[in-house]
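Residue-level listing of the chains:
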Amino acid sequence: MHIGIPRECLSGEARVAATPETVKKYLANKHTVVVEQGAGIAAHYPDEAYAEAGAQLGDSTQALAADIVLKVRTPDAQERQHIRRGAVLVGMLDPFDAAGIAALAETGVTAFALEAAPRITRAQSLDVLSSQANLAGYKAVLLAANQYGRLIPMMMTAAGTLKAARVVVLGAGVAGLQAIATAKRLGAVVEASDVRPAAKEQIESLGAKFIDVPFETDEEREIAQGIGGYARPMPASWMARQALLVAERCRQADIVISTALIPGRPAPVLISAETVKGMKPGSVIVDLAVERGGNCPLSEKDKVVEKHGVTLIGYSNLPAMVATDASALYARNVLDFMKLITNADGQLAIQQDDEIITACLMCADGKVLRSA
Ligand code: NAD
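Since the structure is predicted, the reported quantities are computational estimates derived from the model, not experimental observations.

1. So, helix H6 (residues 128-147)
Point 1. Between the first and last C-alpha of H6 there are 28 Å, a value that for 20 residues agrees with the 28 Å anticipated at 1.5 Å per step.
Point 2. Counting buried positions over the 20 residues of H6 gives 16, a clear majority of the element.

Here it is, written out as C-alpha cells:
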C-alpha cells in the first residue's frame, strides 16, 4: 500500500508518525511511503534522512491522499478534505471526542484510534498511551526541577547541608510511576497516591511511600478496583478523605506532579485552591491532567502561572518537548499496529475479529463504529 506521513499541523505538535527507521521497515514490508517535506524537522528527523531511507518527499496533499495515512494527532477540517474515501487513517484520534469521530466518519475513512487499544499483553508494543505518558512523567519532573529554586538531592557541603526535596505524585499510572522513578533518581524523597489498590505495590517497589486513603465501605473498595486497569470516579466520601490527606502532604511538599485521570471524564480535582494556598512559597506543581481540566483548578493550559507563591506548570503536550524520542517510540507503536492490518505482501488485511482492531476502529464506510 502507499503510506502517507503528513506534517502535524496542530500548534506545538513537534512529533511525527514515522521515522526514517520505520520508513525502512515499511519499504521492507512492500509498501511505498511519501513523507511531507519538513514532517520530521521539529523532531530532528530531516527530509534527507527520510529520502535516504527510501521515502519519496511530497507536499501535504500527496501525503494525505495516500492509501494509509499515519498521523500523530487527529486531522483538522483542512486535512480531512484531502483524505480519500476508503483510505485508512491511524493516529491518536481522541476516541472520546464524539464530534471529532463523527467528522472523521463523514470523510468515509477507515480510522483507527490507537489510544483505544486494550491494556493487554499483546497490545503492549503498540500502546501509545504508555509510550507517551512514560516520557511525559519523566519530563514533568525535569520541568519542575528546573523551575524549583532549590536542589532536589540532599547535599552536604562545607557551607552546610541542603535537605532533599519532597515530591508528591498524584496518580501512579504510567506517567506517575515514571515521575516517581525520575524524582527518586534525582534524589528526592517521594510519596504517591492512587485510587487503585494495585498501585500501592508499584509505588513502594520504586522506593516511594504510598499515601494510604483507607476504604470505609465495600462499595468504595469495589469502585477503586477500576475497569480494565483504569480508575473509575470514586464516591464523594473517599474523595473528601483523600483531599484532606493530599492537602496535608502538599503542605510538606516542594514539588507536586499530578497525573490523575479517569478515561472519558474530566480529571478529578485533587489539589484545591485552598491546598495551593497552604503550600510552601517556591514550591512547584506540574499538572499533567490539564488537558482534561486539570487536577488543580488553578493550573492553566499551556501556561506557567504563579498563584499564592506556588508555580503551576500546565503544559499539555510534554511528549512533544522530547519529540525525537517520543516520535521514535510512537512510530514503532504505529509500525506494530500496521502489522495487524496489513499482510506480508504489503496489502490491507484487517482482522475484523481481533480485539485490538475492534477496540481501535472508530469509523468506516461513513459510519461511526465506536463512540465512547
Ligand atoms: P490514566 O492515565 O488513565 O490515569 C493515571 C492514574 O490516575 C491511574 O493510575 C489512575 O488510577 C489514577 N487516578 C484516577 N483517579 C485518581 C484519584 N482520585 N486519586 C489518585 N489517583 C487517581 O492511567 P494509565 O497511566 O493509562 O494506566 C492505566 C492502567 O493501565 C494502569 O493500571 C496501568 O498499570 C495499566 N497498564 C497496563 C498495560 C498492559 O498491561 N499492557 C500497559 C500500560 C498500562
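2. Points about the sheet that holds strand S9 (residues 166-170)
Point 1. Taken in spatial order, the seven strands of this open sheet run S11-S10-S9-S12-S13-S15-S14, and their pairing is mixed. In this open sheet, the two strands that pair with only one neighbour each are strand S11 (209-210) and strand S14 (304-307).
Point 2. Here S14 runs beside strand S15 (residues 310-313); their pairing, made up of four bridges, is antiparallel. In the strand pairing of S15, Lys307 is matched with Val310.
Point 3. Most of the contacts of helix H7 (residues 174-185) go to strand S10 (residues 189-193), to which it runs at about 170°, and overall it touches S9, S10 and strand S12 (255-258).

3. Digging into the sheet that holds strand S3 (residues 56-58)
Point 1. With respect to topology, eight strands assemble into an open sheet ordered S3-S2-S1-S4-S5-S6-S16-S17, the strand pairing being mixed. The two strands at the open ends of the sheet, each matched to only one other strand, are S3 and strand S17 (367-368).
Point 2. Contacts from helix H5 (residues 98-106) reach strand S6 (110-113), strand S16 (361-364) and S17, with the element oriented near 35° to S16.
Point 3. Its contacts with the sheet place helix H12 (residues 323-341) against strand S4 (68-73), strand S5 (88-92) and S6, and it is angled at close to 145° to S5.

4. Things to note about the domain arrangement of the protein chain
Point 1. As assigned here, the protein chain comprises domain 1 (2-116 + 323-368) and domain 2 (133-316).
Point 2. Distance from the C-alpha centre of domain 1 to the C-alpha centre of domain 2: 34 Å.

5. Some details on the nonpolar core
Point 1. In this structure, Ile180 and Ile257 are the most contacted members of the largest nonpolar core, which totals 125 residues.
Point 2. When residues of this core are assigned to domains, at least three map to each of domain 1 (2-116 + 323-368) and domain 2 (133-316).
Point 3. With sequence-adjacent residues up to four places away left out, Ile180 is seen in contact with Val169, Ala172, Val190, Ala192, Ile203, Leu206 and Ala208.

6. Examining the site of the ligand
Point 1. Close to the ligand lie 32 residues, the nearest being Gly171, Gly173, Gly229, Ala231 and Ala260.
Point 2. Counting residues per element, the ones that place at least two in the shell around the ligand are H6 and H7.
Point 3. When its residues are assigned to classes, the shell around the ligand shows 19 nonpolar, nine polar and four charged.

7. What about the packing of H6 against H7?
Point 1. Close contact between H6 and H7 brings their axes to 7 Å; oriented N to C, the two are set at 35°. For the element pair H6 and H7, the recorded crossing hand is right-handed. Of H7, the residues touching H6 (which contributes Leu129, Ser130, Ala133, Asn134, Ala136, Gly137, Tyr138, Ala140 and Val141) are Val174, Ala175, Gly176, Leu177, Gln178, Ala179, Thr182 and Ala183.
Point 2. Looking at the contact of H6 with H7 residue by residue, the classes come out as eleven nonpolar, six polar and no charged.

8. So, the packing of H6 against H12
Point 1. Between H6 and H12, the least distance of the axes is 9 Å, while the angle of their chain directions is 170°. Relative to H12, H6 is oriented roughly antiparallel. Residue-level contacts link Val128, Ser131, Gln132 and Leu135 of H6 to Asp325, Ala326, Leu329, Tyr330 and Asn333 of H12.
Point 2. Looking at the contact of H6 with H12, its residues break down into five nonpolar, three polar and one charged.

Parameters at a glance
Residues numbered from 1 in each chain as written. Predicted model: local features only at pLDDT ≥ 70, side-chain atom pairs only at ≥ 80, totals over all residues. Helix = DSSP H or I, 4+ residues; strand = E, 2+ residues; numbered from the N terminus. Expected span 1.5 Å × (residues − 1). Buried ≥ 20, exposed ≤ 12 C-beta atoms within 10 Å, placed from the backbone. Pairing = 2+ DSSP bridges. Contact = placed C-beta atoms within 7 Å. Axes fitted to C-alpha atoms, helices over the stretch in contact; angles between N-to-C directions. Domains from an automatic or database assignment. Core = buried A, V, L, I, M, F, W, Y, C linked by C-beta atoms within 7 Å. Near = placed C-beta within 6 Å. Nonpolar A, V, L, I, M, F, W, Y, C, P; charged D, E, K, R; others polar. Left-handed = near helix turned anticlockwise from the far one by under 90°. Parallel < 35°, antiparallel > 145°, perpendicular 65-115°, else oblique.

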